[in-house]
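So you can see what is in the structure, the chains are spelled out below.
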2 protein chains.
Amino acid sequence: MRRFVIGRGRNFLNRSHQQNLLSSSSSHCQSRFLSSTSVIDSPSSSSMAPTSSPAITVDSLNPKVLKCEYAVRGEIVSIAQRLQQELQTNPGSHSFDEILSCNIGNPQSLGQQPITFFREVLALCDHPSILDRSETQGLFSADSIERAWQILDQIPGRATGAYSHSQGIKGLRDTIAAGIEARDGFPADPNDIFLTDGASPAVHMMMQLLIRSENDGILCPIPQYPLYSASIALHGGTLVPYYLDEATGWGLETSEVKKQLEAAKAKGITVRALVVINPGNPTGQVLAEENQRAIVDFCKKEGLVLLADEVYQENVYVPEKKFHSFKKVSRSMGYGEKDISLVSFQSVSKGYYGECGKRGGYMEVTGFSPEVREQIYKVASVNLCSNISGQILASLVMSPPKTLEDAFNSLEGITCNKAEGAMYLFPRIQLPEKAIKAAEAEKTVPDAFYCRRLLNATGIVLVPGSGFGQVPGTWHFRCTILPQEDKIPAIVTRLTDFHKSFMDKFRN
Amino acid sequence: MRRFVIGRGRNFLNRSHQQNLLSSSSSHCQSRFLSSTSVIDSPSSSSMAPTSSPAITVDSLNPKVLKCEYAVRGEIVSIAQRLQQELQTNPGSHSFDEILSCNIGNPQSLGQQPITFFREVLALCDHPSILDRSETQGLFSADSIERAWQILDQIPGRATGAYSHSQGIKGLRDTIAAGIEARDGFPADPNDIFLTDGASPAVHMMMQLLIRSENDGILCPIPQYPLYSASIALHGGTLVPYYLDEATGWGLETSEVKKQLEAAKAKGITVRALVVINPGNPTGQVLAEENQRAIVDFCKKEGLVLLADEVYQENVYVPEKKFHSFKKVSRSMGYGEKDISLVSFQSVSKGYYGECGKRGGYMEVTGFSPEVREQIYKVASVNLCSNISGQILASLVMSPPKTLEDAFNSLEGITCNKAEGAMYLFPRIQLPEKAIKAAEAEKTVPDAFYCRRLLNATGIVLVPGSGFGQVPGTWHFRCTILPQEDKIPAIVTRLTDFHKSFMDKFRN
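Residues numbered from 1 in each chain as written. Chains lettered and ligands numbered in written order. Predicted model: local features only at pLDDT ≥ 70, side-chain atom pairs only at ≥ 80, totals over all residues. Heavy atoms only, no water.

Asker: What should I look at first to understand the overall build of chain A in this one?
Answerer: Scanning chain A from N- to C-terminus turns up 18 helices and twelve strands. Across the 508 residues in chain A, those meeting the buried criterion constitute 58%. Of the contacts made within chain A by residues no fewer than 6 positions apart, 67% connect residues no fewer than 24 positions apart. (Helix = DSSP H or I, 4+ residues; strand = E, 2+ residues; numbered from the N terminus. Buried < 20%, exposed > 50% of the residue type's maximum accessible area, 1.4 Å probe, protein only. Contact = heavy atoms within 4.5 Å.)

Okay, structure coming up:
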């Protein structure tokens, strides 16, 4: 490591200063090179012993800051870091030989590898000039090169180092909105998306908007991820706790929430919003859909903003539970923009991607007036925009590369079993009555009718299912999974476009 | 672009809902794909016409948010975006054929290319698995590969996707502190560095800490970059303006500042800090060092925290001005931790690097008590950490690749003229009296004495200056600039280490 000798500084000093600075600089060198391998955080203290600045003491700081607590990086962490240093400098000094960090959701610090495709795309967007080089084809997958080009084409001037729109790059928001729509089955508007440096800044933004004084309360689950308590304290509001029921797997009972709401009102608190963390942190529960509907109804009835922390949506481990976004639940109940104010938070830090350090995330904001949205936009614009790599990652997370199987399963009327072996997919297509009649009029078997039209429109060659035999009244086609990796996106696109127009034409 | 058909959503709905959603989703598609090429920002409005949410109206938002203004992305920008769209859809509709964005400091949106070395390092740190591949040697410079390895070795587990220490990765802070020291000639402590997503979050953090109520004031230059006014408003404080003098090149007169301070005090405002933007935004002035000393003395005397926005430190265009950090100025006046509370803000968004979208930056915090520093750390920890790419970029900006010439110039007692041609550097070395006497005792010319010791310690072969002739009493050596690019870092390191121990031994 290069050391920079403070040569030039001498010109400014007399000799006695020099001596003082030299000795303090060597102690700086000492402290500077201590333990750079620690994975655990702790407050760094300056190695020079500072005495109180005359002007600012801890007592004269903003009391909201003093009140705020964030235990995830608190005292235990400091002890852990000290223990780790002791283990390094003095092996065998404890009855254990390693520190096992089970304190924060930081997957990649514990050996989880990032998703190769995501990192390939990020690297290419960081240094787009290598996209034209032949060596790049050997180093990066065809998919990642294609996705990088797609993303770069959405960025004005392909300038990945420029500030973007304050809500994030428009094309990336389009992708995210499409991903939300694919996930939920309900439309999402890219103009409702605000890309942020992780989910935390988005939470702060909403707290800042909603809290006018300590008379404003925010309902929070207990136990909760302490970003909420910290943020409410920092913004001068009141946390109104509602207790999750440990006996019933940390269930959320609206009767409990109602009880806490009424108690707060009786104390003169105006409760403005309800925070729900699903899947739960620290509790790990996944809400049942029925429970979610009760929550949505509750917020609608009581006029509360529903703040849905959904960052663990890709971490569901039990077959009997499934993640349903609160947006999907609300829309499936027939509730729209006029009925419920809903903010959904998502992040790239969790899930199978675990990209905590990249600081990517967004909030999807629905059910607010244009005037309120303008204020949200204004607050977002003061910090210009979130980091571009995080924005790109958010779009990748919400729209990961699709397999052919995924593509088929996303088409109207088509379901496809997993290919566990061989070289084929054999999707089933539910052909509308109109299409079946049109096929009969052309004296063609319905699945061959479909395949012929597909071929003539797109050049894609499949084999009609009737060639293999199938349960009468069902229709299939066989598609190989063999095409070159770089051809698959084109196949998916053309197939999807064809299928949509086929269904538009023949839908009952 | 793949389109995701909302196939699965049908399972949740009856037919009438389907019709409504289909028609709104196609209008969504329309609005979604409008103009993704705009470089200019404007508030996006949802294409669905939302009516007021019953709960939250603009009047019931936090009044501090309503009060806050940020004109850099205000009305003019909205008009500009509209005009740009008109030019795209209807060429010739105006008397100009392009929008010329001269509104924001966003260099890469106007064609400025990023620094290749920086982007190479970022790409390699995004996707470190390619470092072992042979194709990588052909695609990336040796310097960037070496620097990427160096950085990865400073990150626990080489996990560039993990959350880091809340102040930023320790090794990167070491590099930044070393860079500050090289720039200023005074020591910097990595524990004083807080890496943030651009400089703006750091400014917000300080405002949050310092402002208790509207009775707390912050002195700001008028004209100022409106982050300050916005942040003060958001945190409920009072902006106390001091006017820069346009007639004298936007000079900062401490008499004016004093006058405004007294006026504020008379109104019952406790003024807590002084913001200085140097070089100035929007004014473009660079303060004279003498002016800076007056400001430092003023802050010390009045017990004000000096908030030094120094993000344009690499943008100085006139030979008669030079950037001096307020830290350097303070330390050169003999003021230390006990004398002045100083926060210096730096960013990767400006300078010759212009990496606005990467959101990298830091604040260097000196002159506060340990208790206050703990609170600063706590606030930083609530948002976990800043984005890793931005952290890496900040370290690169503060420690760019050094030429051999830079390396020589940074050594104690050595100065080196620029190599304008040929293949050599001919640095001058001021040998201490002790070294000259030791050379004489060995019957060796002093510069040969130095070169011989260097060779024996490091294997580096130079030519003593006495071989070429030099002004009597001066000593030089000749060094070629020919070694392989990948050898130069090792040469610099070994030379630097040797020189330091030589000077430690022989210094007078």
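Asker: What should I look at first to understand the packing of aromatic side chains in this one?
Answerer: Any aromatic ring pair is given by two values, namely how distant the centres are and how the planes are angled relative to each other. Residue and element names in this part refer to chain A. Scanning the entire structure with this criterion turns up 26 aromatic pairs over all chains. Aromatic side chains Y352 and Y353 sit 4.7 Å apart centroid to centroid with 75° between the ring planes, which places their arrangement in the edge-to-face category. Residue classification places Y352 among the partly exposed positions, given a relative accessible area of 33%. Overall, the relative accessible area of 0% leaves Y353 in the buried class. (Phe/Tyr/Trp six-rings, centres within 6.5 Å; stacked < 30°, edge-to-face > 60°.)

Asker: Is there a simple way to think about the sheet that holds strand β2 (residues 216-222) of chain B in this case?
Answerer: In a beta sheet, neighbouring strands pair by backbone hydrogen bonds and run either parallel or antiparallel. All names here are of chain B. Overall, mixed pairing links the seven strands, which are arranged β1-β7-β6-β5-β4-β2-β3 in an open sheet. The open sheet has two free edges, formed respectively by β1 (193-196) and β3 (238-243), since each of these has just one partner strand. Ignoring which end each strand starts from, the neighbouring axes of this sheet average 20° apart. The pairing of strand β6 (residues 342-347) with strand β7 (residues 361-366) spans six bridges and is classified as antiparallel. Note on β7: the bridge partner recorded for V343 is V365. Relative to the sheet, helix α13 (residues 370-382) contacts β1 and β7, its axis offset from that of β1 by approximately 20°. (Pairing = 2+ DSSP bridges. Axes fitted to C-alpha atoms, helices over the stretch in contact; angles between N-to-C directions.)

Asker: Is there a simple way to explain the pattern of salt bridges in this structure?
Answerer: Should the charged atoms of two oppositely charged side chains come close, the side chains can pair. With the rule as written, the count across this model stands at 45 salt bridges over all chains. Two residues, R183 of chain B and D184 of chain B, come together in a salt bridge whose shortest N-O distance is 2.7 Å. Look at R183 of chain B and you get partly exposed, because its relative accessible area is 24%. By sharing partners, the salt bridges in this structure join K258, E262, K265, K301 and E302 of chain A into a single network. (Salt bridge = Lys/Arg side-chain N within 4 Å of Asp/Glu carboxyl O.)

Asker: Explain the pairing of strand β5 (residues 305-309) of chain B here, please?
Answerer: All names here are of chain B. With five of its five residues buried, β5 lies for the most part within the structure. Both faces of β5 are covered, namely the face carrying V305, L307 and D309 and the face carrying L306 and A308. Pairing of strand β4 (residues 270-277) with β5 involves five bridges; the strand directions are parallel. Looking at β5, one finds that V276 is bridged to A308. Since β4 and β5 lie parallel, the crossover through helix α11 (residues 289-302) that links them has a hand, and here it is right-handed. Inspection of the sheet shows β5 paired to β6 by four bridges, in the parallel sense. Across the sheet, the residue bridging to L307 is V343, located in β6. Tracing the backbone out of β5, into helix α12 (residues 326-332) and back to the parallel element β6 gives a crossover that is right-handed. (Right-handed = clockwise from strand over helix to strand, strands pointing away.)

Asker: How should the state of the cysteines be read in this particular structure?
Answerer: Residue and element names in this part refer to chain A. A full pass over the atoms with the stated rule returns zero disulfides over all chains. Just so you know, C220 is unpaired, no disulfide at all, and the nearest cysteine sulfur is the one on C299, 12 Å from it. Given a relative accessible area of 0%, C220 falls into the buried group. Between C479, a cysteine without a disulfide, and C416, which holds the nearest cysteine sulfur, the sulfur-to-sulfur distance is 8.5 Å. (Disulfide = S-S within 2.5 Å.)

Asker: Explain the side chain of T175 of chain A here, please?
Answerer: Within the fold, T175 of chain A resides in helix α7 (residues 170-184). For T175 of chain A, the contacting residues outside a window of four places in its chain are Q154, S395 and S399 of chain A.

Asker: Whenever I open this one, the pairing of strand β12 (residues 475-480) of chain B confuses me. Can you help?
Answerer: It is a general feature of regular strands that their side chains alternate between the two faces of the sheet. All names here are of chain B. In the sheet, strand β9 (residues 424-425) pairs with β12 via two bridges, with the strands oriented antiparallel. Paired with L425 across the bridge in β12 is C479. Pairing of strand β10 (residues 428-429) with β12 involves two bridges; the strand directions are antiparallel. When the sheet's bridge partners are listed, I429 is paired in β12 with W475. Of the pairings in the sheet, the one linking strand β11 (residues 463-464) to β12 comprises two bridges and is antiparallel in character. Bridge pairing in β12 places V463 opposite R478.

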